[in-house]
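Residue-level structural notes
Each chain, letter by letter, is given below.
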Amino acid sequence: MTEFTAKRGDLDLRFTPAPTAQEGIAGHAIVASRRPAGYESEITLSAEYKHLLVRGRADGYDPALNRLEEVKTYRGDLDRMPANHRSLHWAQLKIYGWLLCRERGLQEVNLALVYFDIGSQKETLLAELHAASDLQAFFEQQCECFLAWSQQELEHRAGRDAALTDLSFPHASFRPGQRQLAEAVYRAASGGLCLMAQAPTGIGKTVGTLFPMLKACPGQKLDKIFYLSAKTSGRGLALDALACIGESDSSLPLRVLELTARDKACEHPDKACHGESCPLAQGFYDRLPAARQAAVEVKFLDKNRVREVAAAHEVCPYYLAQDLARWADVVVGDYNYYFDASAMLHGMTLANQWQVGVLVDEAHNLVDRARKMYSAELDQAALRQLRRTAPAILQKSLDRLNRQWNALHKEQTLPYQVHAEVPEKFSTSLQQAITEITEYFIEHPVAVDHALQRFYFDALHFSRLLEAFGKHSLFDISKTSHADGYAGNAVLCLRNIIPAPFLESRFAASRSTILFSATLSPWYFYSDTLGLPASTVCVDVDSPFSAEQLSVQIVSRISTRYQHRDRSIEPIANLLAERYAAHPGNYLAFFSSFDYMQKVADLIRERHPGIPSWAQERQMQENEKEAFLARFAPGGKGIGFAVLGGAFGEGVDLPGDRLVGAFIATLGLPQYNPVNEQIRERMDAVFGAGSGYDYAYLYPGMQKVVQAAGRVIRTQTDRGVVFLIDDRFARGEVRELLPAWWKVEMEHGRAMRTAVRAAAPLET
Ligand code: SF4
């Protein structure tokens, strides 16, 4: 409660090494062990005030001294503790003081803040004598302040739930497939289950999942819904759907919040997040209550509205949004807010014991995204650079670390190698370096050494993942050697390949998680790698599209294997030109690499200059991507060249004749290289012999193929064609992974040759 009612002053996010949770627990135990007999530890206190129940646990009470203590562990110089932290500690202790006086009939009590230095193990004790009547007055004032807000919150919740109970679907009717999806989501949410829903594009998945989850809120007592997406475009669609739901029922008091990354929300990118640097951090907590009140009255808070409210109250928009996440009904943000190692929404869910419904948009992306969240890399080049600039006091430990680093890869002759484990000696020297840098930061709190901080955070992340190292991850070393014979650099990587062990707790913390996408086949690949509970329900939503709308042709006379690429360029160019000549319109052609794409595009331009064409480029800016897509005008003609799995392979909506066909000249298989081979071996070991190739290559590849092909048919009136160019598309195990509603045919007159090629191994 005091966090809400008594926090004042500046926002201050300067890095200060804080005690770990274990150090905090140990510190409390040491203080308690120093107290005399009769000292009471961890006293649970509570009282009701109007309809508020205030509960807490004071650290200790010494009846002989009539002294109530609150212990706070810290590191470094106590005088540098911000004043607003100290006053918050006092506020908390005064509340406990009144609860104790009330419970034990005391007229007065000594209140003592005990600051325990983790490093020196010394205590600094700040004590004040308080009359029970003063503490009561303080308690009631804080309760009144909180009650005003909590009353509003209770009313909001009751109004929200009543309105959601009566909420009608925002459109005149469900689209085909949309009702099936919505019913499955509602059933899963009501049963407290996870759901994997494979649903084709075009059925309105966003509304089809948000609406039933909203309807489930009152019955399931859901506090919040988190709508999580891998891409900005997904968040935009969710906000549009929520706006549409809001417009359909203007009395719906739903609070919607969009979370944006700090670098996008920050108003002062040249400043640091503390009151001495940024004006929006200075006095942040003094102005936060008014900003918070204004924000909840706005209700629909996309990033622009958050920014407007923040500007009106002169507070930081990024940290305002973080506070508003507590009070929002629906939070729309990136996956990382719930799934990564220190995810804010997950942390809040646990701390506040929220009941949450989680919607994961385009969930096929979660495998790769989560792998990145739980992987860590350390580059020896960064350490070597740091050794040149680091403070002298750290030199020894950095040298020691570098020696152990060299020893790690001394025997490694290959440029890339997976090692069974991280040797103890390296882990110890890494840990020692972390400890010494921590001490350095404590002793030099104002010195900002960005290179040292960067290395420190990377090392911390690496060491945390090292503690959790297991068969879900690889430990590999990539070496680069110098021509002059000087020892090369070694990049150490803890490469997560099965995020399941890290994500299980995320699914467990939600009442229900719904993962939906047009491509979630086969189910077991996603449930195995993501760690979904065994009770997860799967639904494959019927397609609203008919086989007549899409002609799918396998071009088996062409092989796009690496060794056949040069030979394939001309036949692919001919295929594109022939199709275009017979049926002019807008086409997308996908390839496995920029190089391959460029060769075919160049040949088309040379041989068929009359065909308008445009090509994806590396690292296109937003406006360049928009320009690429704008070429697909209604009634337009031409071929857009793109790389499969890139910016235009999914999340692109080109209905009607904006796109009449796609050529896919690759199975999308990840590159055959030492890393992917290691992944294959590990998948074999974890999920059973034979599954490695499918898990490492085939399923991820075909997921991209189906996503790309899904660009063609967007509505029930669309018509189009997809050419799957490679003989391996004719294989049974590959065709099984294509959507059931597709009617797949061999390219006209070429079916016989496919049967012959089908005997070769897929990966050749
Ligand atoms: S505006 Fe930027 S610098 Fe200022 S507090 Fe916010 S995020 Fe930090």
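Going by the structure above, here's the rest.
Residues numbered from 1 in each chain as written. Predicted model: local features only at pLDDT ≥ 70, side-chain atom pairs only at ≥ 80, totals over all residues. Heavy atoms only, no water.

Regarding the site of the ligand
Formally: By convention in this text, a residue qualifies as near a molecule or strand provided that one of its non-hydrogen atoms is within 4 Å of it. Classification convention: Asp, Glu, Lys, Arg as charged; Ala, Val, Leu, Ile, Met, Phe, Trp, Tyr, Cys, Pro as nonpolar; all other residues, Gly among them, as polar.
Taken together, Leu 11, Arg 262, Cys 266, Glu 267, His 268, Lys 271, Cys 273, Cys 278 and Cys 316 make up the full set of residues adjacent to the ligand. Partitioning the shell around the ligand into residue classes produces five nonpolar, one polar and three charged.

Remarks on the sheet that holds strand E24 (residues 743–746)
Two strands in a sheet stick together by hydrogen bonds in their backbones, pointing the same way (parallel) or opposite ways (antiparallel). Where we set the bar: Should DSSP find at least two bridges between two strands, the strands are regarded as paired. Each helix is a run of DSSP H or I of at least 4 residues and each strand a run of E of at least 2, with the numbering of both proceeding from the N terminus. Axes here mean lines fitted to C-alpha atoms, for a helix over just the part in contact, with angles spanning 0 to 180 degrees between N-to-C directions. The contact rule is simple, with two residues in contact once any of their heavy atoms fall within 4.5 Å.
Taking strand neighbours across the sheet as the criterion, the seven strands line up as E20-E21-E19-E22-E23-E18-E24 in an open arrangement whose pairing is parallel. With partners counted over all chains shown, the strands left at the sheet margins are strand E20 (613–615) and E24, one partner each. The average undirected angle you get between the axes of adjacent strands in this sheet is 20°. Two elements, strand E19 (residues 586–591) and strand E21 (residues 638–643), share six bridges in a ladder whose sense is parallel. Following the sheet pairing, Leu 588 is matched in E21 by Gly 640. Helix-sheet contacts for helix H21 (residues 565–582) involve strand E18 (550–555), E19, E21, strand E22 (661–665) and strand E23 (720–725), and the interaxial angle to E23 is about 170°. Contacts from helix H23 (residues 622–630) reach E19, E20 and E21, with the element oriented near 140° to E21.

Some remarks on the nonpolar core
To be explicit about the condition: Here, nonpolar core refers to any group of buried Ala, Val, Leu, Ile, Met, Phe, Trp, Tyr and Cys residues whose side-chain atoms link them within 4.5 Å. Burial here depends on accessible area, computed with a 1.4 Å probe over protein chains only, as a share of the maximum for the residue type. Under 20% is buried, over 50% is exposed, and the range in between is partly exposed.
Ranked by internal contacts, the top residues of the largest apolar core, which has 141 residues, are Phe 339, Leu 345, Phe 462 and Leu 724. A total of eleven residues in this core trace back to one element, the largest contributor, which is helix H25 (residues 691–709). For Leu 345, the contacting residues outside a window of four places in its chain are Phe 226, Leu 228, Leu 259, Ala 325, Val 331, Tyr 337 and Tyr 338. Membership of the second largest hydrophobic core comes to 39 residues, among which are Leu 164, Phe 169, Val 207 and Leu 359.

Points about unusual backbone geometry
The amide bond that connects Ser 521 to the next residue, Pro 522, takes the cis arrangement and shows omega of -5°. Structurally, the position occupied by Pro 522 is in the loop between strand E16 (512–517) and helix H20 (523–530). Residue Gln 353 is not a glycine yet carries a positive backbone phi of 50°. As for its position among the elements, Gln 353 is in the loop between helix H13 (344–352) and strand E11 (356–360).

A word on the environment of Gln 553
Position of Gln 553 among the secondary structure elements: in strand E18. Using a relative accessible area of 5% as the deciding quantity, one classes Gln 553 as buried. Spatially, the C-alpha atom of Gln 553 lies 61 Å from that of Thr 435, the residues being 118 residues apart in sequence.

Topic: the sheet that holds strand E14 (residues 473–480)
With respect to topology, four strands assemble into an open sheet ordered E12-E15-E14-E13, the strand pairing being antiparallel. The open sheet terminates on both sides in strands that have one partner only, identified here as strand E12 (376–379) and strand E13 (416–419). Each neighbouring strand pair of the sheet contributes to a mean axis angle of 20°, computed without reference to strand direction. Pairing between E13 and E14: four bridges, direction antiparallel. By the bridge assignment, Val 418 is partnered in E14 with Asp 476. Where helix H15 (residues 380–389) meets the sheet, it contacts E12 and strand E15 (489–496), and its direction lies at approximately 45° from that of E12.

Quick notes on helix H14 (residues 366–373)
To keep it simple, the criterion reads: Working definition: the arc comes from the directions between the helix axis and the C-beta atoms, pointing outward to the latter.
Every buried residue belonging to H14 is among Leu 366, Val 367, Ala 370, Arg 371 and Met 373, and all of these are buried. In a view along the axis of H14, the buried residues occupy a sector of 160°, so they form one face of it.

Quick word on the pattern of salt bridges
Should their charged atoms come close, side chains of opposite charge can pair. To keep it simple, the criterion reads: When a carboxyl oxygen of Asp or Glu lies within 4 Å of a side-chain nitrogen of Lys or Arg, that pair is called a salt bridge.
In the structure shown here, the tally under the stated rule is 38 salt bridges. Ionic pairing is found between Arg 235 and Asp 334, a salt bridge with its closest N-O pair at 3.7 Å. On the criterion of sequence distance, the pair formed by Arg 235 in helix H7 (residues 232–248) and Asp 334 in strand E10 (residues 330–334) is long-range, its members being 99 residues apart. Of the two residues, Arg 235 and Asp 334, both sit in the buried class. One network of salt bridges, with partners in common, ties together Arg 34, Arg 35, Arg 67, Glu 69 and Glu 123.

Points about the packing of helix H5 (residues 178–191) against helix H6 (residues 205–220)
Just so we agree on the cut-off: Roughly parallel here means an angle under 35 degrees, roughly antiparallel means over 145, roughly perpendicular means 65 to 115, and every remaining angle is called oblique. Crossing handedness is defined as follows: a turn of the near helix away from the far one that is anticlockwise and smaller than a right angle gives a left-handed crossing, while the clockwise case is right-handed.
Across the interface, H5 lies against H6 with an axial gap of 8 Å and an inter-helix angle of 30°. As the angle between them shows, H5 and H6 are arranged roughly parallel. The hand of the H5/H6 crossing is right-handed. Two secondary-structure elements touch here, H5 through Gln 178, Leu 181, Ala 182, Val 185, Tyr 186, Ala 189 and Ser 190 and H6 through Lys 205, Val 207, Gly 208, Thr 209, Pro 212, Met 213, Lys 215, Ala 216 and Gln 220.

Topic: the pairing of strand E7 (residues 224–229)
Across the six residues that make up E7, a large majority, six, are buried. Side-chain alternation along E7 places Lys 224, Phe 226 and Leu 228 on one buried face and Ile 225, Tyr 227 and Ser 229 on a second face that is also buried. Both E7 and E11 contribute to a ladder of five bridges, which runs parallel. What sits directly across from Ile 225, in E11, is Gly 357. The sheet contact formed by E7 and E10 spans five bridges and is parallel. In the strand pairing of E10, Ile 225 is matched with Val 330.

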